Amino acid sequence: MNTETVTSLFLLFSGEESAQEYEPVIALAIRLTSEMLLPEADTTDVRIDFLAAAMANYHVQQLKCARDRTTVTFAGKMLTEHDSSALRSAGRLLKDYMQLCEDIIKPRSFIFAGFSDSEEEI
């Protein structure tokens, strides 16, 4: 995984002009992404950089939403409870890259299936 590539992709996804303020978030996304990889995954696969950048962008959008939950009205400020479109878009982007990388990352969900004898009623 290339940190410079992840940072430039993060800037592309987020629309930010500088990544300096978000370097800790980018570093965390890179670490989380590397922990998600299967042992036999090729660490030079370019998809990994895109996934890490999408994860960093998602976390930054979460931070921005948590920081600014207010909407200015004529009478003043009031809290809003809806998610921002930037956060929804970042979530969809992250989901898309996770699906793109599903063959090189550990599964994130578990499905429990039960089997029964044909004589037993469920």
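These remarks concern the structure in this document. (Residues numbered from 1 in each chain as written. Predicted model: local features only at pLDDT ≥ 70, side-chain atom pairs only at ≥ 80, totals over all residues. Heavy atoms only, no water.)

**A look at the overall build of the protein**
Step number 1: Across its full length, the protein carries 4 helices and 2 strands.
Step number 2: Along its sequence from the N terminus, the protein presents helices and strands in the succession α-α-α-β-β-α.
Step number 3: Within the protein, the fraction of its 122 residues that count as buried is 29%.
Step number 4: Looking at the protein alone, contacts between residues at least 24 apart form 68% of all its contacts between residues at least 6 apart. (Helix = DSSP H or I, 4+ residues; strand = E, 2+ residues; numbered from the N terminus. Buried < 20%, exposed > 50% of the residue type's maximum accessible area, 1.4 Å probe, protein only. Contact = heavy atoms within 4.5 Å.)

**A word on the nonpolar core**
Step number 1: Judged by nonpolar contacts, the single largest core of 25 residues is most densely connected at Val6, Phe10, Ile26, Leu51, Ile104 and Ile105.
Step number 2: Only α1 (3-14), α2 (23-36), α3 (46-67) and α4 (85-100) provide two or more residues apiece to this core.
Step number 3: Here this core takes 8 residues from α3, the largest share from any one element.
Step number 4: Ignoring sequence-local partners within four residues, the contact set of Ile104 consists of Met36, Leu37, Leu38, Ala41, Asp45, Arg47 and Ile48. (Core = buried A, V, L, I, M, F, W, Y, C linked by side-chain atoms within 4.5 Å.)

**Topic: the packing of aromatic side chains**
Step number 1: Enumeration according to the criterion identifies 4 aromatic pairs in this entry.
Step number 2: Consider the rings of Phe13 and Phe50, whose centres lie 6.3 Å apart with planes at 45°: the pair is tilted. Residue Phe13 is found in helix α1, and its partner Phe50 is found in helix α3; the two are separated by 37 residues along the sequence.
Step number 3: Through successive ring pairs, a cluster of aromatic residues spans Phe13, Phe50 and Tyr97. (Phe/Tyr/Trp six-rings, centres within 6.5 Å; stacked < 30°, edge-to-face > 60°.)

**A word on the environment of Ala52**
Step number 1: Summarising the element assignment, Ala52 is placed in helix α3.
Step number 2: On the basis of relative accessibility, which here comes to 0%, the residue Ala52 falls in the buried class.
Step number 3: Not counting residues up to four positions away in its chain, the partners in contact with Ala52 are Met1, Val6, Ala29, Ile30 and Thr33.

**As for the packing of α3 against α4**
Step number 1: Direction vectors running N to C along α3 and α4 enclose 155°, while the axes themselves pass 9 Å from each other. Relative to α4, the element α3 is oriented roughly antiparallel. Of the two possible hands of crossing, α3 and α4 adopt the one that is left-handed. On α4, the residues touching Arg47, Phe50, Leu51, Ala54, Met55, Asn57, Tyr58, Gln61, Gln62 and Cys65 of α3 are Ala86, Leu87, Ala90, Gly91, Leu93, Leu94, Tyr97, Met98 and Leu100.
Step number 2: When the residues that make up the contact of α3 with α4 are grouped by side-chain class, the tally is 14 nonpolar, 4 polar and 1 charged. (Axes fitted to C-alpha atoms, helices over the stretch in contact; angles between N-to-C directions. Parallel < 35°, antiparallel > 145°, perpendicular 65-115°, else oblique. Left-handed = near helix turned anticlockwise from the far one by under 90°. Nonpolar A, V, L, I, M, F, W, Y, C, P; charged D, E, K, R; others polar.)

**Considerations on the pattern of salt bridges**
Step number 1: In this structure the tally under the stated criterion is 4 salt bridges.
Step number 2: A salt bridge links Arg31 to Glu35; the nearest nitrogen and oxygen atoms lie 3.0 Å apart. One end of the pair is Arg31 and the other is Glu35, both in helix α2 and 4 residues apart, which spans about a single turn.
Step number 3: Since its relative accessible area comes to 42%, Glu35 is described here as partly exposed.
Step number 4: Of the charged contacts, one joins Asp45 and Arg47 as a salt bridge, the two residues approaching to 2.7 Å between their closest N and O atoms. Taken individually, Asp45 and Arg47 each receive the classification buried, so the pair is uniform in this respect.
Step number 5: The structure contains a network of salt bridges with shared partners spanning Asp45, Arg47 and Asp103. (Salt bridge = Lys/Arg side-chain N within 4 Å of Asp/Glu carboxyl O.)

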